[in-house]
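In case you want the letters, here they are:
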Amino acid sequence: MKVLIVLAHPEEKSFNAALYQQAVKTLKKAGYEVRTSDLYKIGFQPVSGKENFTQLNNTEFFKQQDEEVSALQQNTFSSDIVAEQEKVEWCDIMIWQFPLYWFSVPAILKGWIDKVFSMGKFYDNGRIFDNGFSVGKKAMLSVTAGGPEKNYSKEKYGDINAILFPIHRGVFEFLGFSTLQPQVAYSVERLSNEERALLLNKWTERLLHIDQENNL
Ligand SMILES: Cc1cc2nc3c(=O)[nH]c(=O)nc-3n(C[C@H](O)[C@H](O)[C@H](O)COP(=O)(O)OP(=O)(O)OC[C@H]3O[C@@H](n4cnc5c(N)ncnc54)[C@H](O)[C@@H]3O)c2cc1C
């Protein structure tokens with residue numbers, strides 16, 4: 001089983017980094033093949049545009065999806081995109097580790113989505129959802145939130161699965177991935193070190209059986 005873990009956090013001593021390192025260690029020890037994309041560490045440039053390509057097919061009018069289709073045929077994606085696309089194609093399970101920013105992913109991860117999942121390669125006319133290129137693969141979010149769990153209710157911030165729906169449905173399932181239950185750590189800054197250590201243990205336990213989990 002091959003797992004890709006993507007980390008979007010700028011601080012290597014952060015709790016997100018601890019969750020990420022724990023995942024890498026646990027999965028490797030359990031015999032999984034693991035590849036990673038530590039986006040801040042590799043200096044991933046998240047602004048999607050003409051620089052996604054080494055050469056443009058239409059220099060008069062830039063249209064990203066058209067250029068993506070051409071780039072696939074002509075091998076003209078920039079090298080940072082090629083490296084990330086290869087990892088996504090390689091993996092059976094994809095995990096994204098990130099702090100919740102404005103009920104969404106941090107900008108560096110949003111840029112990674114915008115650049116990596118190109119038309120023609122990861123989706124196309126009729127090649128979405130159950131017919132997507134990534135059918136048979138699984139994907140999971142591992143998220144930390146500053147807010148407490150009790151606030152993630154319908155009456156307050158909204159249910160966490162509703163907040164994550166645009167990623168679960170609009171990215172993972174759109175591309176054909178099966179979505180696994182998200183791993184969410186709430187109030188992480190307000191917990192004691194012992195409570196956070198407990199969360200790391202729970203994460204480890206879950207990862208050991210991740211290949212047996214079914215859809216959300
Ligand atoms: C732009 C922005 C938008 C935001 N939007 C939202 C939002 O919409 N909703 C929301 O709920 N929150 C939001 N937040 C808060 C954010 O989600 C949290 O600050 C973040 O999830 C905390 O995770 P962290 O890894 O950065 O924590 P850190 O501050 O890195 O870690 C918390 C504590 O854990 C400790 N730690 C590190 N490693 C370990 C270890 N191995 N064992 C035990 N303890 C350890 C650290 O030393 C630290 O004391 C937002 C924050 C920003 C900056």
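Residues numbered from 1 in each chain as written. Predicted model: local features only at pLDDT ≥ 70, side-chain atom pairs only at ≥ 80, totals over all residues. Heavy atoms only, no water.

Draft legend 1. Examining the site of the ligand more closely. Residues in contact with the ligand amount to 21 residues; listed here are only the nearest, H9, N16, T144, Y152 and E189. Contacts to the ligand include L100, whose backbone N or O atom sits 2.8 Å from an oxygen atom. Here E189 contributes a side-chain N or O atom positioned 2.4 Å from an oxygen atom of the ligand. Of all the elements in the fold, those that place two or more residues in the shell around the ligand are α1 (15–29) and α6 (193–208). Taken together, the residues of the shell around the ligand break down into eleven nonpolar, seven polar and three charged. (Near = heavy atom within 4 Å. Polar contact = N/O pair within 3.5 Å; in protein donor to acceptor, adjacent residues only side chain to side chain. Helix = DSSP H or I, 4+ residues; strand = E, 2+ residues; numbered from the N terminus. Nonpolar A, V, L, I, M, F, W, Y, C, P; charged D, E, K, R; others polar.)

Draft legend 2. Structural view of the packing of aromatic side chains. Summed over the entire model, instances satisfying the criterion amount to 13 aromatic pairs. The interplanar angle of 55° and the centroid separation of 6.2 Å between the aromatic rings of F53 and F62 together place this pair among those described as tilted. On the basis of relative accessible area, F53 is assigned to the buried category, the value being 7%. By relative accessible area, F62 is classed as partly exposed at 27%. Summarising the aromatic geometry, the rings of W112 and F117 are spaced 5.6 Å apart at their centres and angled 90° between planes, so their arrangement reads as edge-to-face. Overall, the relative accessible area of 0% leaves W112 in the buried class. (Phe/Tyr/Trp six-rings, centres within 6.5 Å; stacked < 30°, edge-to-face > 60°. Buried < 20%, exposed > 50% of the residue type's maximum accessible area, 1.4 Å probe, protein only.)

Draft legend 3. Structural view of the pairing of strand β4 (residues 138–144). β4 sits mainly inside the fold: seven of its seven residues count as buried. Residues K138, M140, S142 and T144 of β4 are buried on one face, and the alternating residues A139, L141 and V143, pointing to the opposite face, are buried as well. Taken together, the seven bridges between strand β3 (residues 93–99) and β4 define a ladder with parallel strand orientation. Across the sheet, P99 pairs through a bridge with T144, a residue of β4. With helix α4 (residues 107–116) bridging β3 and its parallel neighbour β4, the resulting β-α-β unit is right-handed. Two strands pair when backbone bridges link them, and β4 and strand β5 (residues 178–179) are joined in this way by two bridges, in the parallel orientation. Directly across from K138, in β5, lies its bridge partner S178. For the crossover from β4 across helix α5 (residues 160–175) to β5, the handedness is right-handed. Bridge count for β4 against strand β6 (residues 183–185) is three bridges, and the pairing is parallel. (Pairing = 2+ DSSP bridges. Right-handed = clockwise from strand over helix to strand, strands pointing away.)

Draft legend 4. Looking closely at the environment of V171. The topology assignment puts V171 in helix α5. Between the C-alpha atoms of V171 and A139, which are 32 residues apart in sequence, the distance is 9.9 Å. In contact with V171, other than residues within four places in its own chain, are W96, I113, F117 and P166. (Contact = heavy atoms within 4.5 Å.)

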